[in-house]
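Each chain is listed here by its residues.
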Amino acid sequence: MKTNTLLITATLIFIFQIKFYAQEKVIPLYRDEITNSKKIPEDYIEIRDENGLFIKISVPTLTVFTPKKGTENGTAVIIFPSGGYRVVVDEGEDIAKAFTSQGITAFVLKYRLPSDEIMQDKSIGPLQDAQMAIKLVRMNAKAYNIDANKIGFVGLSAGGHLATTEATHLDTVLIENKENINLRPDFMVLVYPVISFTEAKVTATITKLLGATPSEELLSFFSNEKHVTTNTPPTFLLHAGDDTRVSVQHSKLFYEALQNAKVKSEFHILQNGGHGFALEHDTRGDKWFSWCIDWLNENGFVK
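Below or above, wherever it landed, is the structure these notes cover. (Residues numbered from 1 in each chain as written. Predicted model: local features only at pLDDT ≥ 70, side-chain atom pairs only at ≥ 80, totals over all residues. Heavy atoms only, no water.)

### Re the environment of Val64
- Within the element layout of this structure, Val64 appears in strand E4 (residues 61–65).
- Separated by 32 residues in the primary sequence, Val64 and Ala96 place their C-alpha atoms 8.7 Å from one another. (Helix = DSSP H or I, 4+ residues; strand = E, 2+ residues; numbered from the N terminus.)

This is the structure we're talking about:
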């Protein structure tokens, strides 16, 4: 289960040599062994293509964006980009900078993509990275000048599925956590998220994570609306009604489950916009982000 030593060494050299760009830096999720990993094949090399899509990620990282000195309010978000578990879209920077403009520290997670080539069990690899991300941020809250009780998730599309999987399966700890760090996010912001693997199925996403013939048990486990409890974090949801890639039904299912569990939540359905608009909606601009900040304020997550 140990990662290729040469790959780790090369990656760490890169990380320690990395420059700082506008209060931005990259840190590895794992110090030594990357959990649930195999020896990395020589031709399994991370690539970022001309469209800003990362593939073949074997060394997961967090990119840290900090607010302008003196504007910090102690709140933090971990951003889970989209990509259908096939790629990781390089879309986190704009969203991260929007949060830092509000005094919120932002961490963009570049998580491993499910792969039998580099993982013992590809179905849990991304989830392990999500758990490790919040553990790392919470353990180092003081160093980042953030409140350990005000750390939230921001998930887009499949990143929303990853965020809600972590937040609704708190009893399923798949990383080493001898320190018993709390792995529950304090809130979530979900933008056109994939939620269910049993309703309004996004077949390509399911296949990439679980393979072509997953069991009903696995499909149910990863249908996150089925696992909402009173302990699920308060959630802000945004979805376009005309989204043909990930049906608005996903957000509806999660919102209904939150309401049934009496979890504070807010749900916005836009009449248009399709899928993948991220921070800048075609006709509404970044208004949704203002709604999100208002919601965070109303619920005491931002001063």
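### Observations regarding the packing of aromatic side chains
- Tallied over the entire structure, the rule returns 11 aromatic pairs.
- With a centroid separation of 6.1 Å and 85 degrees between ring planes, the pair formed by Trp288 and Phe289 is classed as edge-to-face.
- Assessed through its relative accessible area of 2%, Trp288 is described here as buried.
- Take Phe289: its relative accessible area is 6%, and that puts it in the buried class.
- Here the aromatic cluster, defined as three or more aromatic residues joined through ring pairs, consists of Phe187, Phe236, Trp295 and Phe301.
- A cation over a ring is seen here: Lys110 above Phe54, with NZ or CZ 4.7 Å from the ring centre. (Phe/Tyr/Trp six-rings, centres within 6.5 Å; stacked < 30°, edge-to-face > 60°. Buried < 20%, exposed > 50% of the residue type's maximum accessible area, 1.4 Å probe, protein only. Lys NZ or Arg CZ within 6 Å of the ring centre and 35° of its normal.)

### A word on the nonpolar core
- Of all hydrophobic cores here, the largest spans 57 residues; its most connected members are Leu62, Ile78 and Phe107.
- With seven residues, helix H3 (residues 125–139) is the single largest residue contributor to this core.
- If we ignore the near neighbours within four places in the chain, the residues touching Phe107 are Leu62, Thr63, Val64, Ala76, Val77, Ile78, Ile79, Val137, Tyr144 and Ile146. (Core = buried A, V, L, I, M, F, W, Y, C linked by side-chain atoms within 4.5 Å. Contact = heavy atoms within 4.5 Å.)

### A short note on helix H8 (residues 287–298)
- The first and last C-alpha atoms of H8 sit 17 Å apart over 12 residues, in line with the 16 Å expected at 1.5 Å per residue.
- Those residues of H8 not exposed but buried are Trp288, Phe289, Cys292, Ile293, Trp295 and Leu296. Take H8 and look down its axis: the buried residues cluster within an arc of 160 degrees, on one side only. Facing away from the buried surface of H8 by more than 90 degrees, the exposed residues are Lys287 and Glu298.
- Among the structural elements, helix H2 (92–100), strand E9 (187–191), strand E10 (235–240) and strand E11 (265–270) are those in contact with the buried residues of H8. (Expected span 1.5 Å × (residues − 1). Arc of directions from axis to C-beta.)

### Points about the environment of Ser37
- Take Ser37: it is sitting in the loop between strand E1 (24–28) and strand E2 (47–48).
- Ser37 gets classed as buried once you look at its relative accessible area, which sits at 2%.
- Taking C-alpha positions, Ser37 is 9.4 Å from Asp116, a pair spaced 79 residues apart along the chain.
- Within the local environment of Ser37, its side chain forms a polar contact with the backbone oxygen of Ile34, the two atoms lying 2.6 Å apart. (Polar contact = N/O pair within 3.5 Å; in protein donor to acceptor, adjacent residues only side chain to side chain.)

### What to know about the sheet that holds strand E5 (residues 76–80)
- One open sheet accounts for eight strands, arranged E1-E4-E7-E5-E8-E9-E10-E11; its pairing is mixed. Each edge of the sheet is formed by a strand with only one pairing partner; in this case those strands are E1 and E11. For this sheet, the mean angle separating the axes of adjacent strands, direction not counted, is 15 degrees.
- Direction of pairing for E5 relative to strand E8 (residues 151–156): parallel, over a ladder of five bridges. Across the sheet, residue Val77 finds its bridge partner in E8, namely Gly152.
- Sheet contacts for H8: E9, E10 and E11; angle to E10, the most-contacted strand, approximately 165 degrees. (Pairing = 2+ DSSP bridges. Axes fitted to C-alpha atoms, helices over the stretch in contact; angles between N-to-C directions.)

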